[in-house]
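# Reading the structure
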Amino acid sequence: MAADLAAFGDRLAVPSVVCLWIAVLLRAPGALRSPQQRGLWLAVATAAAAMTLNLPDVVAYALHREASYAHTIGLVRNLIGVLSAGAVLYFVAAATRGRRLQLASWAGTVLWLAALVTLDAAAPAHGTHTIPASGAPVPSLPYWLVLISAHLIANTICVYVCWRYSRRTESRGLAAGLRLFGLGTGLAWLFWTAYLLKALFASTWAAPALPLLMNLHGLLRAAAILVPTLFTLRHTLADTATAWRLWPLWRDLVQAVPHVVLSRPRAGRVLELLWPPVPRNLLVYRKVIETRDAILILGEYVAPGVPELARGHVAGSRIPEQRHTAAALACVLKEALRAKLAGLPDRPAQAPALELPAVMQSSAEGGGGLEDEARFLVHVAEAYASPETSAFAPACAPGTT
């Protein structure tokens, strides 16, 4: 059982390191521009470097080389690990906006690094750094106590801050990232606690679980810094789906009143989404604004009585009641488009026959959300293409043809 657990943990080593490096590379542009994210990114990047040097194949390769080579790999791995612990403290300081803690994190990191180098140089000639199952730790017990203390102190503070702030923030993305990072750091805390027991009391009962703890810690930290990317991707996919569903209605409206369009549209729906004429994060915003502006202009071509006839037509159809307002507006827009394209005169001096639904009025006045209006317009677009809307023909309405 213990051997199976250790083997499973070792099998996660390469996937964990690969995920860490993918996350580090994907988040590098945004993290390096943001002071708030820089410490978190640096902590994950240094952890990825240390875990790369701790891969079973890398360790086995170092052991088959001369002792000086194995010693260098072990020392560099531990120094990078301490640098990762210092970056964790810096991330915590940045999250809490503690200037003193930021200075303390850098000062403590420098002291830890200097102590490790000094203790390593003072030890007798040795190869790789390890705590054997029997015998004295290599290069020395003080060396390992300094190394373990750096990780335990940084990880303890980090877990506390991540848990505390994840419960306070209103951002789901930030809360998820903090919890994932805190959980990964908690696993690293267990890893180094087991090493402390091994160094002080030669306790090896937790040894089979150590590879699993460390590699799960790597996967969770990779997931933590990828949370903003995943939320951005989800938002982009949702906007793309909304723009795709709005496109048929938007196309017909802006063809009738082309001056409401900010940028020249692309030739087709697919090209519009693959190569939008505006920044991608503004695509749905522009579609909603241009659709609303076109509706307001076409409202001057709505004959009196048509909105009431549209509501009656929708009420007698199979359209669900919660979609009646959107379907009635779709019917009215079809009639307004017919009047506009037929060259009938508008009536700007008269009171408009078309009144915007409440969700669109609220958004236009700054009191509602764009998401609510976009969702409503998607329902209008769906009703606009439905057979029930196509069957609407208010021949008896005054002023219609």
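Quick notes on the rules
Residues numbered from 1 in each chain as written. Predicted model: local features only at pLDDT ≥ 70, side-chain atom pairs only at ≥ 80, totals over all residues. Heavy atoms only, no water. Helix = DSSP H or I, 4+ residues; strand = E, 2+ residues; numbered from the N terminus. Rg over C-alpha atoms; globule rule 2.2 N^0.38 Å. Areas by Shrake-Rupley, 256 points an atom, 1.4 Å probe, with all protein chains shown as cover. Lys, Arg positive; Asp, Glu negative; His and termini not counted. Charge placed at Lys NZ, Arg CZ, Asp CG, Glu CD. Expected span 1.5 Å × (residues − 1). Buried < 20%, exposed > 50% of the residue type's maximum accessible area, 1.4 Å probe, protein only. UniProt positions renumbered as here; feature names shortened; annotations may be inferred. Core = buried A, V, L, I, M, F, W, Y, C linked by side-chain atoms within 4.5 Å. Contact = heavy atoms within 4.5 Å. Salt bridge = Lys/Arg side-chain N within 4 Å of Asp/Glu carboxyl O.

The name given to the chain in an unreviewed UniProt entry is MAB_1171c family putative transporter, and the organism recorded there is Streptomyces racemochromogenes.

Quick look at the overall build of the chain now. Along the chain, the regular secondary structure elements total 16 helices and 0 strands. Against the globule reference of 21 Å for 401 residues, the chain gives a C-alpha radius of gyration of 32 Å, more extended than a compact globule. Reported as C-alpha extents along the three principal axes, the dimensions of the chain are approximately 100 × 45 × 35 Å. Working note: accessible area of the chain is about 20500 Å², and carbon and sulfur atoms make up 64% of it. Counting 34 positive and 23 negative side-chain charges, the chain places the averaged centre of each group 8 Å from the other.

The terminal C-alpha atoms of helix α13 (residues 324-341), which comprises 18 residues, lie 26 Å apart, in line with the 26 Å expected from a rise of 1.5 Å per residue. α13 sits mainly inside the fold: 13 of its 18 residues count as buried. One or two steps after α13, the chain reaches G343, where phi turns positive at roughly 85°.

If you check UniProt for "transmembrane region" (unreviewed entry), the listed places come out as residues 12-28, 40-63, 75-96, 103-123, 143-163 and 175-197 in our numbering. Taken as a whole, residues 40-63 contains 92% helix and 0% strand, while its terminal C-alpha atoms sit 32 Å from one another. Helix makes up 100% of residues 143-163 and strand 0%. Its end C-alpha atoms lie 31 Å apart.

Moving on, we come to the nonpolar core. F91, W144, C158, F181, F191, W192 and Y195 are the most contacted members of the largest nonpolar core, which has 54 residues in total. When residues of this core are assigned to their parent elements, the largest contribution, 11 residues, is made by helix α7 (residues 141-168). The residues touching C158, leaving out its near neighbours within four places in the chain, are V88, F91, V92, F181 and T185.

Applying the stated criterion to the full structure yields 10 salt bridges. Here R292 ties to E373 by a salt bridge, and the two come within 2.7 Å at their closest N and O atoms. With R292 in helix α11 (residues 283-298) and E373 in helix α15 (residues 370-384), this residue pair connects regions lying 81 residues apart in the sequence. The network of salt bridges with shared partners includes R245, R323 and E382.

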